[in-house]
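Coordinate inspection notes
One letter stands for each residue in the lines below.
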Amino acid sequence: MKRINSLALGVAVSSSALVSLSNPVAAETAVNAPEEITITARKRSESLSDVPAAVTALDRQALDELGVADLSDISAFAPNLTIVAGSAQSNAASIFIRGIGQRDSLQTFEQGVGMYVDGVYLSRMQGSMMRLFDVERVEVLRGPQGALYGKNTIGGAVNIITRDPFDGGGNAEIEYGAYDQKTAALYAAFPLAGDTAALSLAARYSNRDGFYKDAFTGTDYYDDNVFSGRLKLALKPSDDVRLTLAADLMDIDVGQYLGRAEDHLYVIDLALGPTVVREAPGPFDGETLASSIDAENGQTNTHWGLSLTAEWDLSDVYSLKSITSYRHMNPVQWLDADGSEFEIGDVWATWVHEQVSQEVQLSITREKWDAILGAFYMTEKSVAVQETFLNGYILVGGAQIGFSQPGHDTQHVDNMALFGHANIELSNVWTVSLGARWSRDEKDFERVSETMTGGVITNVFEFEGSGAWDAFTPSVTVDYRLTEDSHLYARIARGFRSGGFNGRMFSAADSEPFKPEYVWSYEVGFKGRTMDGVLSYGLTGFYNDYTDYQARVAVAIDSSDQSAGFNFPTINAAKLEMYGAEAELRANLDVWSLWGNIGLLGASYKEFRDDQRDRTGQEPIRTPDVTLSAGAVYHLALGTGGSVDIGADVRYVSDYYTSVDNSNLLYEDGYWLVGANARWVDAADKWSVRAGVKNLFDTIYQVDAFEFRTLGNVQTGFYGEPRTWYVALGRVF
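As the structure is a prediction and not an experimental result, all values here were calculated from the model.

Basis of the calculations
- Position labels on residues start from 1 in each chain and follow its written sequence.
- Residues qualify for local features only when their pLDDT is at least 70, as the model is predicted, and side-chain atom pairs are given and counted only at 80 or more; totals for whole chains, interfaces and linings, by contrast, use all residues.
- Here the side-chain values reflect all heavy atoms present in the structure, with hydrogen atoms and water set aside.
- To qualify as a helix, a DSSP run of H or I must reach at least 4 residues; to qualify as a strand, a run of E must reach at least 2; elements of each kind are numbered from the N terminus.
- Only C-alpha atoms enter the radius of gyration; for comparison, a globular chain is expected to reach 2.2 Å times N to the power 0.38, where N is the number of residues.
- A simple rule labels every residue: compare its accessible area, found with a 1.4 Å probe on the protein chains alone, to the largest value its type can have, and call it buried under 20%, exposed over 50%, or partly exposed in between.
- Pairs of residues are marked as contacts when any of their non-hydrogen atoms sit within 4.5 Å.
- Charged-residue counts in this description rest on Lys and Arg as positive and Asp and Glu as negative, His and the chain ends being excluded.
- Note on charges: their place is set at NZ of Lys, CZ of Arg, CG of Asp or CD of Glu.
- Each reported salt bridge corresponds to a side-chain nitrogen of Lys or Arg within 4 Å of a carboxyl oxygen of Asp or Glu.
- The aromatic pairing rule takes the rings of Phe, Tyr and Trp, using the six-membered ring of Trp, and pairs them if the centres are within 6.5 Å, calling planes under 30 degrees apart stacked, those over 60 edge-to-face and the rest tilted.
- Here a polar contact is taken to be a pair of N or O atoms separated by no more than 3.5 Å, where protein atoms must pair a possible hydrogen donor with a possible acceptor and residues adjacent in sequence count only if both atoms sit in side chains.
- Here, nonpolar core refers to any group of buried Ala, Val, Leu, Ile, Met, Phe, Trp, Tyr and Cys residues whose side-chain atoms link them within 4.5 Å.
- At least two bridges found by DSSP between two strands is the condition for calling them paired.
- Predictor confidence is given residue by residue as pLDDT, running from a minimum of 0 to a maximum of 100.
- Patch construction takes residues with relative accessible area above 30% that form no salt bridge. Like charges are linked within 9 Å, and nonpolar side chains (Val, Leu, Ile, Met, Phe, Trp, Tyr) are linked within 5 Å.
- For every accessible area listed, the method is Shrake-Rupley and the probe measures 1.4 Å; residues are considered covered only by the protein chains on display.

**As for the overall build of the protein**
- Of regular secondary structure, the protein possesses one helix and 49 strands.
- Whereas a compact globule of 733 residues would reach a radius of gyration of roughly 27 Å, the protein reaches 26 Å, a difference of no more than 12%.
- In terms of principal-axis extent, the alpha carbons of the protein reach across some 85 × 55 × 50 Å.
- With 733 residues in all, the protein has 60% of them scored as buried.
- Of the contacts formed within the protein by residues at least 6 apart in sequence, a portion of 68% connects residues at least 24 apart.
- Distance from the positive charge centre (57 side chains) to the negative charge centre (99 side chains) of the protein: 5 Å.

**Thoughts on the pattern of salt bridges**
- In total, this model carries 38 salt bridges according to the counting rule given.
- With a closest N to O distance of 3.7 Å, Arg709 and Glu707 form a salt bridge.
- In this structure, a network of salt bridges that share partners links the residues Arg98, Arg142, Glu523, Glu582 and Glu584.

**Considerations on the packing of aromatic side chains**
- For the coordinates displayed, the defined rule picks out 30 aromatic pairs.
- Pairing Phe109 with Phe514 gives two aromatic rings, centres 5.8 Å apart and planes at 45°, and the pair type is tilted. Residue Phe109 is found in the loop between β5 (93–97) and β6 (113–117), and its partner Phe514 is found in the loop between β32 (486–497) and β33 (517–530); the two are separated by 405 residues along the sequence. Side by side, Phe109 and Phe514 carry an identical accessibility label, which is buried.
- Aromatic side chains Tyr652 and Trp672 sit 4.6 Å apart centroid to centroid with 35° between the ring planes, which places their arrangement in the tilted category. Placement of the pair is Tyr652 in strand β42 (residues 643–653) and Trp672 in strand β45 (residues 671–681), with a sequence separation of 20 residues.

**A closer look at the side chain of Gln107**
- Relative to the assigned elements, Gln107 resides in the loop between β5 and β6.
- For Gln107, a relative accessible area of 2% corresponds to the buried category.
- A distance of 3.0 Å separates the side chain of Gln107 from the side chain of Asp409, its partner in a polar contact.
- Leave out the neighbours within four places in its chain, and Gln107 touches Arg124, Trp351, Ser382, Ala384, Gln386, Asp409 and Gln411.

**Brief notes about unusual backbone geometry**
- Backbone geometry at Asp118 places phi at a positive 50°, although glycine is not the residue there.
- In this structure, Tyr222 takes a positive phi of about 65° despite not being glycine.
- Its location among the elements puts Tyr222 in the loop between β14 (220–221) and β15 (224–238).
- The class of Tyr222 is buried, set by a relative accessible area of 5%.

**Observations regarding the nonpolar core**
- One finds Leu71, Ile74, Ile95, Leu132 and Ile160 to be the most contacted residues of the largest nonpolar core, which totals 57 residues.
- Here the element with the most residues in this core is strand β18 (residues 265–269); it accounts for four residues.
- Those residues in contact with Ile95 that sit more than four places away from it in its chain are Leu71, Leu81, Thr82, Ile83, Ile100, Gly101, Gln102, Val113, Met115 and Val158.

**With respect to the sheet that holds strand β19 (residues 273–278)**
- Strands sit in the order β19-β18-β26-β27 across an open sheet of four strands; the sheet is mixed. If you trace the sheet from one side to the other, it starts and ends with β19 and β27 (399–400), each paired once.
- Examined bridge by bridge, β18 and strand β26 (residues 394–396) share two bridges and lie parallel to one another. The residue bridging Asp269 from the neighbouring strand is Leu395, located in β26.

**Quick look at the confidence of the model for the protein**
- Looking at the protein as a whole, the pLDDT averages 89, with 93% of positions reaching at least 70.
- Across the protein, strand β22 (residues 318–329) holds the top mean pLDDT of 97, while strand β36 (residues 555–556) sits lowest at 66.

**Here we look at the sheet that holds strand β7 (residues 120–121)**
- Pairing is mixed across the open sheet formed by five strands, whose spatial order is β3-β8-β9-β6-β7. Each edge of the open sheet is held by one strand with a lone partner, namely β3 (54–59) and β7.
- Sheet topology places β6 next to strand β9 (residues 156–162); five bridges connect them, and they run parallel. Of the residues in β9, the one forming a bridge with Val117 is Ile160.

**Side note on the environment of Glu387**
- Residue position: Glu387 is located in strand β25 (residues 369–389).
- Other than its neighbours up to four places away in sequence, Glu387 contacts Asp346, Val347, Trp348, Ser404, Gln405 and Pro406.
- At 3.1 Å, the side chain of Glu387 forms a polar contact with the side chain of Ser404.

**What about the environment of Arg690?**
- Position of Arg690 relative to the elements: it lies in strand β46 (residues 687–694).
- Linking Arg690 and Leu729, residues 39 residues apart in sequence, is a C-alpha distance of 6.7 Å.
- Apart from the residues within four sequence positions on either side, Arg690 is in contact with Asp64, Gly67, Glu173, Glu175, Ala678, Arg679, Tyr726, Val727 and Ala728.

**Observations regarding a nonpolar patch on the surface**
- Residues Ile174, Tyr176, Leu636, Leu638, Trp680, Trp687, Val689, Trp725, Val727 and Leu729 make up a contiguous nonpolar surface patch of roughly 880 Å² in combined accessible area.
- Mapped onto the nonpolar patch, the elements with two or more residues apiece are β10 (169–177), β46 and β49 (724–732).
- Among the elements that line the nonpolar patch, the one with the most residues is β49, at three residues.
- Residue position: Val727 is located in strand β49.
- What makes Val727 partly exposed here is its relative accessible area of 40%.

**What about the environment of Gly631?**
- In this fold, Gly631 is placed in strand β41 (residues 626–637).
- Taking the C-alpha atoms as reference, Gly631 lies 7.2 Å from Gly647; in sequence the two are 16 residues apart.

**Here we look at a negative patch on the surface**
- A surface patch of negative charge is lined by Asp239, Asp240, Glu311, Asp313 and Asp316.
- Inspection of the secondary structure assignment puts Glu311 in strand β21 (residues 299–313).
- Relative accessible area serves as the criterion here: at 31%, Glu311 is assigned to the partly exposed category.

**Some thoughts on the pairing of β33**
- Bridging between β32 and β33 involves 12 bridges; their strand directions are antiparallel. Paired with Ala490 across the two strands is Val524, which belongs to β33.
- Sheet topology places β33 next to strand β34 (residues 535–547); 13 bridges connect them, and they run antiparallel. For Val519, the partnering residue across the bridge sits in β34 and is Tyr546.
- Linking β33 back to β34 in an antiparallel pair, the connection comprises four residues, with Met531 at a positive phi of about 55°.

**A closer look at the side chain of Ser382**
- Tracing the backbone through its elements, the reader meets Ser382 in strand β25.
- At a separation of 2.7 Å, a polar atom in the side chain of Ser382 contacts the side chain of His353.
- Beyond its immediate chain neighbours, meaning those up to four positions away, Ser382 contacts Gln107, Val352, His353, Asp409, Thr410 and Gln411.

Here it is, written out as structure tokens:
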């Protein structure tokens, strides 16, 4: 039975490809050179190993065999990459690349890593924790992507490409696992009119009990109840024209994504003064949490979209591509910010978000150069309503008086851009890539917030503002080919994250708009392939210089009087520098497939001051010095009995803060995760059984935090998944 290359973890800029997992190979085969993976990270089809850009790519077989269920599972397969559920929402992907991302899912804050599905930009975090069930390839681009991708790719981008209906085929799978996990997935693609039309349908449903329980009520937290679906119709009315119409849906209905109070909590008694109501707990037991929110109040989100991609080959030299999309979502969620049985900071929020985007690309291909010229436009509208309940925070003589802060806001965003990128072959060994993008972001924001005491409105704050920001984001890459299979490159690029308005403003002190954030990135790399492609390797070094870094802080109105209240402004933290190195390796040797990657990262604020604190010299959140992953797969051929792959993997993440203020309680001192898996495939390559375990040693580790110390000393930690296992039965047709 031939071996099928199934893991294409590759590098461009930062390193080479990682391992290629495979189906069993005949014993007489000494080595197996993996096929090159083709990527579209630079908006053109290119060989992964030849692209001078920091890209890690996982193909469809890798996602299946590694048991990758959602976006967070790919963190292990690229250096300096972290993906977790952000801002206490299980459906919001908080993606950090090289220490830059976004942890706050509030609709007025911009991402630091761009998220794209079939070329369509997902502008908000909610609903972005995708279930990867019909995906052809995932590409992770490290470093700023301002020239080709534009705003909010200051840390990088994640590019997801779904399966092509014209490729045909299908598969179905059912899975059962820990915490009563039940999953069913189906994909089917078939022709409608010969070679001129094809249709694909994908669906996945997952249901699971919660990982943790409420210590007082027994309520489950961190459960799963998600349906995802996608329908694609592809048309080829002629040899030169192709149209793809796609519709997708993700419907989520889960309980709270709850954290834990890591320190003592106090309340403000207007008669008795500040009073501690909960002492600091010991280490997390990995099992129980607590909340004051009713069990039936969880999180829902219906997120759907439509897109039309049109491609037209005008000639052998010119081609035109258009991507038109509409997206809509309606999250409704409850958040217990203090992570306790006390109602110190409970939040209810809902909003409706609409997004329309249009991108046009003109590609030019010549013998010694190629180029892409393009234009982009997007308009967004978000209408939000939220209320913060602090009934247990403000007391009089031990009795609640009823204290809350409702608010509603509307934001309208228009983004437009012109961009271009060219590769110029100067000689047989020298190539220069030049890119540039002009972007303009215009925002209108309105907000009305109230303060209610004892059911009576005691304060009303109204705000209306507009802002516009322009940015020029160039890039220059020089590539030198040492041999046919190895090359060096150097890259300089600029990126930016758009400015905006604080969606948590309750007074004029919170209402100052924050400016865009900018970075200049400098990068060098070396990568290559040897032993006829059996071994791939890569090294990268980078230095990033950030200015006007955006940070949300908590500030007491009067540091000597906690009852005076608090503000949560977003400020530009002046200067931040990050530097590091990355390495990736993969090898296919006879019956073994091996892979590994390591990321080194240094980060500190060169200057960061607000009215009450100087954070200069402190570390940004989620910037571990070391991330390390490695794995091995043994391929065993069983003749007429089929084949078996047996694999194991390990991931290490060194210490990091989850707190802007570098709190010792909102801190992870490093952890190891170990996984194992096995997969049997019958001799006809039709039936399969796979099983595995994640977090084998049930490691407890903190991944995120809420930090509002001016509000009752709220310091709430969120934790990663405990040990889980799964068994799945699949059929290919």
